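Below, each chain spelled out in residue letters.
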Amino acid sequence: MNAPTALKNLLPASGVQQGTDIVHESAHLHVTGTATYIDDIPEHAGTLYAALILSPVAHGELIGDGIDRAAILKEHGVVAVYTAKDIPGENNCGPIVHDDPFLAAGKVEFIGQAVAVVVARNMLYAREAAHKAKVLVKELTPILTVEEAMAAGSFIMPPKGITRGDAATAIANAPHKIKGTTRTGQQEQFYLEGQITYAVPKEDGQLTLYVSTQHPDGNQREAAHALNLHTNDVEVICRRMGGGFGGKEGNASIFSQSAALAAHKLQKPVKLRVNRDDDMTITGKRHDFRIDYEVGFDDNGRVLGADITLMSRCGYSTDYSGPVNDRACLHIDNSYHIPALKLISHRCKTNTQSATAFRGFGGPQGMFGIETVMDEIAMTLGKDPLEVRKLNLYTDPAISGSPDTMTTQYNQLIEDWVGDKVIAQVERESNYAERRAQVQAFNAKSKTRKRGLALVPLKFGISFTATHLNQGGALLVVYMDGSVSCNHGGTEMGQGLNTKMAQVCADGLGISVDHVRITATDSQKVPNASATSASSGADINGAAIMNATTQMRERLKPVAARMLGCQAEDVSFANNELHGGGKSVKWADVTKQAWLDRVGLSVTGFYMTPEIKYDFTTLNGRAFYYYCYGAAVSEVEIDTRTGEWWLKAVDIVQDVGRSINPALDKGQIEGAYVQGMGWLTMEECIWDKKGKLLTHGPSTYKIPVAGDIPEHFKVSLFDNANLKPTPFNSKATGEPPLMLGLSAFFALRDAVAASANHKAVVYMDAPATPERILMACEKAKATAGL
Amino acid sequence: MTQVTNTVRFVLDGQIVEAQGERRTTTVLDYLREQMHRTGTKEGCAEGDCGACVVMVGELNAAGTGVDYVATNACIQLLPSLDGKSVKTVESLKKPDGTLHPVQAEMVKCHGSQCGFCTPGIVMSLVNLVQVLPMPNRQQITDSLSGNLCRCTGYKPIIDSATKACAKPEALKLDDSADVPLLKEIQRASVPTLSLDGDIIVQPVVRTKKGNEFVSPATIEEVADYLVKHPTTTLLAGSTEIGLQVNKQYARPDHIMYLGNVKALRQVAETDKVWRIGAAVSLTQVEALVAKAYPDFAEVLRRFGSPPIRSTATLAGNIANGSPIGDSMPCLLALGANLVLRRGDKTRNVLLENFYTGMKKSVLEAGEFIEAVELAKPMAGQVFRAHKVSKRFEQDISATCAAISYTLQGGKLSGVKLAYNGLSPFPARAPQLEAVLEGQAPADVKAADLDAAIAASFTARDGLRATWAYRALVARNLALEFIEEQKEVA
């Protein structure tokens, strides 16, 4: 049976699970320290430990295979050392384009690139040997910045663009123009659990890899290819991750493959756990962007035409840079109708870590660009930025008279637009107008402290832009005692996916959640699964589980009908019972009877997202199945003498469809806001001139802490059923709310503008560190002649 | 005698653990995870900055009737420093009948965990908080979590769960009655071991075949004696620096001497005019000591680091380490702090402003150590102001930290002492800026004069944490702010 393309035959049996705030399935394990992460798995006897030898230069040719094998093997406790030459099969950890060796071959292309893997009798010996090992390399000149790459024509792929109408003419004829450059910074995922793989050889050349990964299938296939095994020889298991955020989508392979190689060669269990510094040095981050813009607009602030150039630092290999930059292009509109647009996206190749997936996946950077434009238009015209934002929103064709005002730059007609309603709700709930007046009153009185306020909306498209990835699978197993084991292709990284999936599964069988155990993601249970990314986890895996429960119900109905003395089609499932003919029979009695009747009690479920049809080469078509909407109001205060700032209050309204679990969704929204705020304010990657990342631990790379969270931090869910038949008509919540953090940045810009009495346009790149805030104040004051 | 060579003895949940054959640099975290299989405690960063490894370390209280705890980062604490102490990990909390500690129960109910990896550390930080503060306010809760990173939740439900847990005050205290007699049993000697000739013999906690040692003396005499005999010894107190060297640079100091058991060094002596702060007094204690007299100093110390850092790190350690961005030093320099240095049985006094001779270099001679820091109490009319500027408010490294002390004599600034970190190779007073201020009415001080003095005083150098342009601007603005606000009061 192929996937259902519509879910109308997959409606939940009872719907009682809808909207229940049940706690995370592992919460009781988290708080007692009994939740098992990879490093907590009891080790097999004879386990060895691996560490990576890293390139000390950003660009160079390796001499020989880059190491002095004999010297390393002499180190205390060392058992083996492997380089690219020891890989029997394909040396690649690139998820899309196979241009990314997991052990450097011939050349090194960034500081931190793995050159060799050392295996020793304990972790410390392995790390000491790796630390001591000299890398034999002839240093070459690196390309480190976007500017250097643009000048040298160094790209990981050709540029892409979108043309809509005649932007040049629109800008030329516009009454007002702005032109500028802004930048967003890199961001480290900073999952609390670092990258780790425990590789255990099994009989007959097989391998089991316990990997902290968002993409078990990727790790499985790549390890098989590297070792000249078949995919069915390698099993990847991941019960949970200590955070992922995109950083364990492709990057986990760097580590899982080296561990697999060592375990396979030595036929011994090998654990590879990198320390935080190596993790941050080796793995990719959120792409930093330079955004050049020239925009024409009318007296009211309505955008007439925009010419935007995106340049991102992709690092040394392709990784996910294609779809990340594509998504930036697809989100350059955010919630706004841009009638004429010329957009070019350059994907720069640099001698830095290969920038990779991070929650939002290019969307935040694109939206940062257009929000900068909106803010600057408002500052230029002396208007409240909210007024300009509202003026430029997508507009109902019934009002505008043209479907174009509800059509994106990539030719997708928006069918579920609620952006204006979401803004209206957060405006109301935050008392925006009153707060604006209070901020102005405060600023009029305060000389050195200034406050700022901003409302920023978001619209985020849901689907993998690679259409074929929009598929989910599940395995549903019912035992004769009525307990249910359910497995799906998604991974649990804290987002509560397994909790939601247990709810979906329980609902589909009319039983309570405590009957259901969602088991560790295992590539031998659900094959060929897509990565848990693109906010897709609950949609595609939930639908697959619904498909499975529907099949299971069909199998159990005749059994129950015989017990109840009714027709199979009259049997219904609810409250841990099966009902029919005015009678009820217990769920567990039916499952027992089903076994006695020799009814198969395991099924697989499958789902593919319908309708999407999109050409990624031209960035044109129906890229997204649906959109999520949201809006946030942030209020900040800055000290104009030091640039220090305080987040005073946050109000959020987020569209999550009909929530499966509002408590989990609110947790996602709060966490995403704070992560987005961190990206745009205190989180800063700093590099030296040789291309070495200097901020490689939490002592130097600062993510928000509890003290940064305002007491007023209010999240409301927008009451809105998904028009598409997702599980319970819910919507994705993983990525979209990250972009709510933009409101903190634009509130800071507003406060900086206040330091110059709103008499100058503010120029401030992200992240808005105290230094950038102070310097922006100084510049604005100088421009305003203050 | 209790000091058995090569055995570290500590109490864990009503049992004495005898850790034998461990390295002198084995961390508490590695021992708990790898040898005790207590895997609830996590490694997130191995530098004391993420809090995933927070455990509570206990010592017998002064009366010998109970246990005093501090939250510590197990990742940077060295196992031998646990000798004679007790440990509580996240696994210690659940009662045999399955009851969770209120903090745990509320963390579950309030959705305080998502990925769960930071959760054990957060639970331990909060449990430690409520041992001494059963009704913490929001600021005390967030302060207790200033060294606990969570990347998932946005912290709101965690803060909520702490508040709610305190609704059950009777259930907050840990039951450690079984630990008390065991702590007495393994208590370290409080007097030195003497040879037949009366010479001090410092018994090692750990000694290797090569003669490398970890020692944990009880008296200042032992410290002085050992340092003269082994002048290259690394002194260990809070382990916030040594722990990093061990984890990140694989440092293996030959001799490590832990000062945390030297009773006399952990005391503050007081006269009418001066506090004499022993070298092993923690920053938390200093924070409490100066809270009323110098509230800005207390706030700098609060923001110095998280509770696990502050409760183990020491004022003397911060001074001796001599980092250019050490946060306590500007305050101490502005307050004219004096150091009591000791070598053998000889002591000498050196003003902190005369202590440093270069980047991480000082007048300390081989075998000499800081015995105490003498800090004057405030004089009538004395104004003391200090402020630290960093990217993040809590547990971050300064771009610069500035402190000033002065009085107003007839409306003019007098006796100005102004000091900074982050501007020069070591924290130092800024005499040229002081000269701009001295004798001036605050309103007459010109920003341009301060700018000129800053340019003349320091070498312009961009740093990891800030550019020079920013530091110079902030240095000037803070000086102005320090006197400006006084002007309004005066």
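In this text the structure is predicted, and so the values were computed from the model without any measurement. (Residues numbered from 1 in each chain as written. Chains lettered and ligands numbered in written order. Predicted model: local features only at pLDDT ≥ 70, side-chain atom pairs only at ≥ 80, totals over all residues.)

Next up on the list: the overall build of chain A. When helices and strands are counted, chain A shows 20 helices and 29 strands. In terms of C-alpha radius of gyration, chain A reaches 27 Å, essentially the compact-globule figure of 28 Å for 786 residues. Viewed in the frame of its principal axes, chain A has a C-alpha envelope of about 85 × 80 × 45 Å. Considering chain A as a whole, with its 786 residues, one finds that 64% of them fall into the buried category. (Helix = DSSP H or I, 4+ residues; strand = E, 2+ residues; numbered from the N terminus. Rg over C-alpha atoms; globule rule 2.2 N^0.38 Å. Buried ≥ 20, exposed ≤ 12 C-beta atoms within 10 Å, placed from the backbone.)

Further remarks concern the overall build of chain B. The number of helices and strands found in chain B is 16 helices and 22 strands. Computed over its C-alpha atoms, the radius of gyration of chain B comes to 23 Å, within 12% of the 23 Å expected for a compact globule of 490 residues. Taking the principal axes of the C-alpha coordinates as reference, chain B spans close to 70 × 65 × 40 Å. When each of the 490 residues of chain B is scored for burial, the buried share is 58%. A fraction of 67% describes how many contacts in chain B between residues 6 or more apart in sequence connect residues 24 or more apart. (Contact = placed C-beta atoms within 7 Å.)

Turning our eyes to something else, we now look at the sheet that holds strand 29 (residues 712-718) of chain A. All names here are of chain A. Strand order in the open sheet made by the four strands is 16-27-28-29, with mixed pairing throughout. Two strands in the sheet have a free side with no partner beyond their single neighbour: strand 16 (449-462) and strand 29. Taking the axes of each pair of neighbouring strands and ignoring which way they run, one obtains an average angle of 15 degrees across the sheet. Looking at chain direction, strand 27 (residues 626-639) and strand 28 (residues 645-655) are connected through nine bridges and run antiparallel. Across the sheet, residue Ile638 finds its bridge partner in strand 28, namely Trp645. Contacts from helix 14 (residues 432-445) reach strand 16 and strand 27 within the one sheet, and its direction differs from that of strand 16 by about 145 degrees. (Pairing = 2+ DSSP bridges. Axes fitted to C-alpha atoms, helices over the stretch in contact; angles between N-to-C directions.)

The next subject is the pairing of strand 11 (residues 255-258) of chain B. Residue and element names in this part refer to chain B. Where burial is concerned, the two faces of strand 11 agree: the one with His255 and Met257 and the one with Ile256 and Tyr258 are both buried. As paired strands, strand 9 (residues 213-215) and strand 11 are joined by three bridges and run parallel to one another. When the bridges of strand 11 are listed, Glu213 appears paired with His255. Two strands pair when backbone bridges link them, and strand 10 (residues 234-236) and strand 11 are joined in this way by three bridges, in the parallel orientation. Directly across from Leu236, in strand 11, lies its bridge partner Tyr258. This β-α-β element, strand 10 to helix 8 (residues 242-249) to strand 11, shows right-handed connectivity. (Right-handed = clockwise from strand over helix to strand, strands pointing away.)

Moving on, we get to helix 17 (residues 587-596) of chain A. Residues and elements named next belong to chain A. Burial in helix 17 covers these residues: Trp587, Val590, Thr591 and Ala594. Along helix 17, the residues classed as buried sweep out an arc of 95 degrees about the axis, all on the same side. At its buried positions, helix 17 is contacted by strand 17 (471-478), helix 16 (537-564), strand 22 (577-580) and strand 23 (583-586). (Arc of directions from axis to C-beta.)

The subject of this paragraph is helix 7 (residues 252-266) of chain A. All names here are of chain A. Along its 15 residues, helix 7 runs 21 Å from first to last C-alpha, staying within 8% of the 21 Å computed at 1.5 Å per residue. Most of helix 7 sits inside the fold, with 13 of its 15 residues counted as buried. Positive phi appears at Gln267, one or two residues downstream of helix 7, with a value of about 50 degrees. (Expected span 1.5 Å × (residues − 1).)

Moving on: the confidence of the model for chain B. For chain B, per-residue confidence averages 95 on the pLDDT scale, and 98% of positions sit at 70 or higher. Two numbers describe this predicted complex: its pTM, 0.97, and its ipTM, 0.96. (pLDDT = per-residue confidence, 0-100.)

Inspection of the secondary structure assignment puts Ile159 of chain B in helix 5 (residues 156-165). Distance from Ile159 of chain B to Thr142 of chain B, taken between C-alpha atoms, is 7.1 Å for residues 17 residues apart in sequence. When sequence neighbours within four positions are dropped, the list of residues in contact with Ile159 of chain B reads Ala706 of chain A together with Arg138, Ile141 and Thr142 of chain B.

Each partner contributes residues to the interface: chain A has 63 residues there, and chain B has 61 residues. With seven residues, helix 18 (residues 662-680) of chain A is the single largest residue contributor to the side of chain A that touches chain B. Among the residues making up the side of chain A that touches chain B, the classes are represented as 27 nonpolar, 23 polar and 13 charged. (Nonpolar A, V, L, I, M, F, W, Y, C, P; charged D, E, K, R; others polar.)

This part takes up the confidence of the model for chain A. Per-chain confidence: chain A averages 96 in pLDDT, with 98% of residues scoring 70 or above. Throughout residues 1-13 of chain A the model reports pLDDT below 50, and contacts reaching past four residues in sequence, or to other chains, amount to 31 contacts.

Soluble globular proteins tend to bury their nonpolar side chains together. Formed by 399 residues in total, the largest nonpolar core has its most connected members in Ala50, Val115, Val118, Ala126, Leu748 and Val752 of chain A together with Leu259 of chain B. Broken down by element, this core gets its largest block of residues, 13 residues, from helix 16 of chain A. Discounting chain neighbours no more than four positions away, the residues touching Ala126 of chain A are Tyr49, Ala50, Ala51, Val118, Val119 and Ala120 of chain A. (Core = buried A, V, L, I, M, F, W, Y, C linked by C-beta atoms within 7 Å.)

Glancing now at the environment of Arg286 of chain A. Residues and elements named next belong to chain A. Along the polypeptide, Arg286 turns up in the loop between helix 8 (276-282) and strand 13 (289-297). Residue class for Arg286 comes out buried when judged on the 29 C-beta atoms lying within 10 Å of it. With 78 residues separating them in the primary sequence, Arg286 and Pro364 have C-alpha atoms 9.9 Å apart. Not counting chain neighbours up to four residues away, the residues in contact with Arg286 comprise Gln186, Gln187, Ala355, Phe358 and Trp679.

Once that is clear, we can look at the sheet that holds strand 1 (residues 7-12) of chain B. Residues and elements named next belong to chain B. Taken together, five strands build an open sheet; the order of strands is 2-1-5-3-4 and the sheet is mixed. The strands lining the two open edges of the sheet, one partner per strand, are strand 2 (16-20) and strand 4 (67-73). Between one strand and the next, the sheet's axes are offset by a mean angle of 35 degrees, whatever the strand orientation. One ladder, built from three bridges, connects strand 3 (residues 54-60) with strand 5 (residues 86-88); its direction is antiparallel. Counted as the bridge partner of Val57 is Val87 from strand 5. Helix 3 (residues 119-132) contacts strand 3 and strand 4 of the sheet and is inclined by roughly 35 degrees relative to strand 3.

All names here are of chain A. Of note, the amide linkage connecting Ala766 to Pro767 takes the cis form, showing an omega dihedral of 0 degrees. Although it is not a glycine, Phe728 sits at a positive phi angle of roughly 60 degrees. Within the fold, Phe728 resides in the loop between strand 29 and helix 19 (742-755).

Time to look at the pairing of strand 28 of chain A. All names here are of chain A. In terms of burial, strand 28 is a largely internal element, eight of the 11 residues being buried. Pairing analysis gives seven bridges linking strand 28 to strand 29, with the strands arranged parallel. By the bridge assignment, Asp655 is partnered in strand 29 with Phe718.

A few words on the packing of helix 9 (residues 321-330) of chain A against helix 10 (residues 363-381) of chain A. All names here are of chain A. Packing of helix 9 against helix 10 leaves a shortest axis separation of 7 Å and a crossing angle of 35 degrees. Crossing hand, helix 9 versus helix 10: right-handed. Along its contact with helix 9, which presents Arg327, Ala328 and Cys329, the element helix 10 presents Gly363, Gln365 and Gly366. Partitioning the contact of helix 9 with helix 10 into residue classes produces two nonpolar, three polar and one charged. (Left-handed = near helix turned anticlockwise from the far one by under 90°.)

All names here are of chain A. Running from amino to carboxyl end, helix 15 (residues 497-509) crosses helix 16 at an angle of 25 degrees, the nearest separation of the two axes being 9 Å. On the basis of the axis angle, helix 15 is roughly parallel to helix 16. At the point where helix 15 passes helix 16, the crossing takes the right-handed sense. Of the residues in helix 16, those touching helix 15 at Leu497, Lys500, Met501, Val504, Cys505, Gly508 and Leu509 are Gly537, Ala538, Asn541, Gly542, Ile545, Met546, Thr549, Thr550, Met552 and Arg553. Tallied by class, the residues present in the contact of helix 15 with helix 16 amount to nine nonpolar, six polar and two charged. (Parallel < 35°, antiparallel > 145°, perpendicular 65-115°, else oblique.)

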